[in-house]
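Observations on the three-dimensional arrangement
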Amino acid sequence: GSLCLASFDPATGRPIWNVEGPTEQFVASMVYDGKDFFAVGGYPTYHVISVRPTGTGDLTDSHIRWHETNVRCYVPSPVIVNQLLVVADDRGTANCFDTESGERFWQSRMGRHYSASLVANNQHAYLCDDDGVTKIIKVDRELHITSENKLGERVFASPAASEGSLFLRGEKHLFCI
């Protein structure tokens, strides 16, 4: 949200908890690993935050597990695979964090810019950059790029997976792989 992360009861709309700040806007969707929520992004400053959602009220000083500011992610939502958080950012880099400790295992230039959210299946994450290049990585503590595929046109929309197929919407075409 604006100037905070917040949790609401879906049945009543009542606030459950909030974390104030640390920036004006969050755009990407939060992800959950069964214990913590992870928020990435922000404007005008950038953040990756792990929040333990076990309390009520203001959790700002008590439930932030870890917080990283050297990731310039604004729009793309991250993915979690085997307790590893993979984040693509505006500089065209990808990052891999341990969900428990926040330790960054790797950061690597993968493209020029990311707008599309990441998708994952099994042990792999799919990162599609704005130039239409999709890199498939095996998510691990070391970077393993297993495949690179060029669509030949720009892509800004997030991929969608369904029944063993990956759908990518380019500027002029819809691709099914």
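Scroll up a little and you will see the structure.
Residues numbered from 1 in each chain as written. Predicted model: local features only at pLDDT ≥ 70, side-chain atom pairs only at ≥ 80, totals over all residues. Heavy atoms only, no water.

Let us look at the side chain of threonine 93. The topology assignment puts threonine 93 in strand 10 (residues 93-98). There is a polar contact of 2.6 Å between the side chain of threonine 93 and the side chain of aspartate 89. Residues in contact with threonine 93, not counting those within four places in the same chain, are Val87, Ala88, Gln107, Ser108, Arg109, Met110 and Tyr114. (Helix = DSSP H or I, 4+ residues; strand = E, 2+ residues; numbered from the N terminus. Polar contact = N/O pair within 3.5 Å; in protein donor to acceptor, adjacent residues only side chain to side chain. Contact = heavy atoms within 4.5 Å.)

Attention now goes to the layout of surface pockets. The calculated volume of the largest pocket comes to roughly 250 Å³. Forming the walls of the largest pocket are 16 residues, and the residues nearest its centre are Asn121, Tyr126, Ser165, Leu166 and Ile177. Of all the elements in the fold, those that place two or more residues in the lining of the largest pocket are strand 12 (119-121), strand 14 (133-138), strand 16 (160-162) and strand 17 (165-169). Its residues assigned to classes, the lining of the largest pocket comprises 9 nonpolar, 6 polar and 1 charged. (1 Å grid on protein atoms, 1.4 Å probe; cavity = no way out; pocket = protein on both sides within 12 Å on 5 of 7 lines; lining within 4 Å. Points joined across faces, edges and corners; volume = space filled by probe spheres on them. Nonpolar A, V, L, I, M, F, W, Y, C, P; charged D, E, K, R; others polar.)

Turning to the sheet that holds strand 13 (residues 124-128), a few remarks are in order. Read from one edge to the other, the open sheet built from 4 strands follows the order 12-13-14-15, with strand pairing classed as antiparallel. The open sheet has two free edges, formed respectively by strand 12 and strand 15 (144-150), since each of these has just one partner strand. Pairs of neighbouring strands in the sheet enclose a mean axial angle of 20 degrees, with direction left out of account. Where strand 14 meets strand 15, 6 bridges bridge the pair, whose relative direction is antiparallel. By the bridge assignment, lysine 138 is partnered in strand 15 with histidine 144. (Pairing = 2+ DSSP bridges. Axes fitted to C-alpha atoms, helices over the stretch in contact; angles between N-to-C directions.)

Within the fold, histidine 144 resides in strand 15. The class for histidine 144 is partly exposed, based on a relative accessible area of 32%. On a C-alpha basis, the gap between histidine 144 and histidine 124 in space is 9.6 Å, while along the polypeptide they are 20 residues apart. Not counting chain neighbours up to four residues away, the residues in contact with histidine 144 comprise Ile136, Ile137 and Lys138. (Buried < 20%, exposed > 50% of the residue type's maximum accessible area, 1.4 Å probe, protein only.)

What follows is about the sheet that holds strand 8 (residues 79-81). With antiparallel pairing, 4 strands are arranged side by side in an open sheet as 8-9-10-11. Either end of the sheet is taken by a strand with one partner, and the two such strands are strand 8 and strand 11 (104-109). Averaged over all pairs of adjacent strands, the angle between strand axes in this sheet comes to 20 degrees, irrespective of strand direction.

Let us look at the nonpolar core. Within the largest apolar cluster, 16 residues are counted, with the highest numbers of intra-cluster contacts made by Val86, Trp106, Leu118, Ala125, Leu127, Ile137 and Val139. Looking at this core, the elements with two or more residues in it are strand 8, strand 9 (84-88), strand 10, strand 11 and strand 13. (Core = buried A, V, L, I, M, F, W, Y, C linked by side-chain atoms within 4.5 Å.)

Counted by the stated rule, this structure contains 5 aromatic pairs. Consider the rings of tryptophan 17 and phenylalanine 37, whose centres lie 6.4 Å apart with planes at 45 degrees: the pair is tilted. Placement of tryptophan 17 in strand 2 (residues 15-25) and of phenylalanine 37 in strand 4 (residues 37-41) is noted, with a sequence separation of 20 residues between them. The class for tryptophan 17 is buried, based on a relative accessible area of 4%. Within the aromatic cluster, the residues linked to one another by ring pairs are Trp17, Tyr32 and Phe37. (Phe/Tyr/Trp six-rings, centres within 6.5 Å; stacked < 30°, edge-to-face > 60°.)

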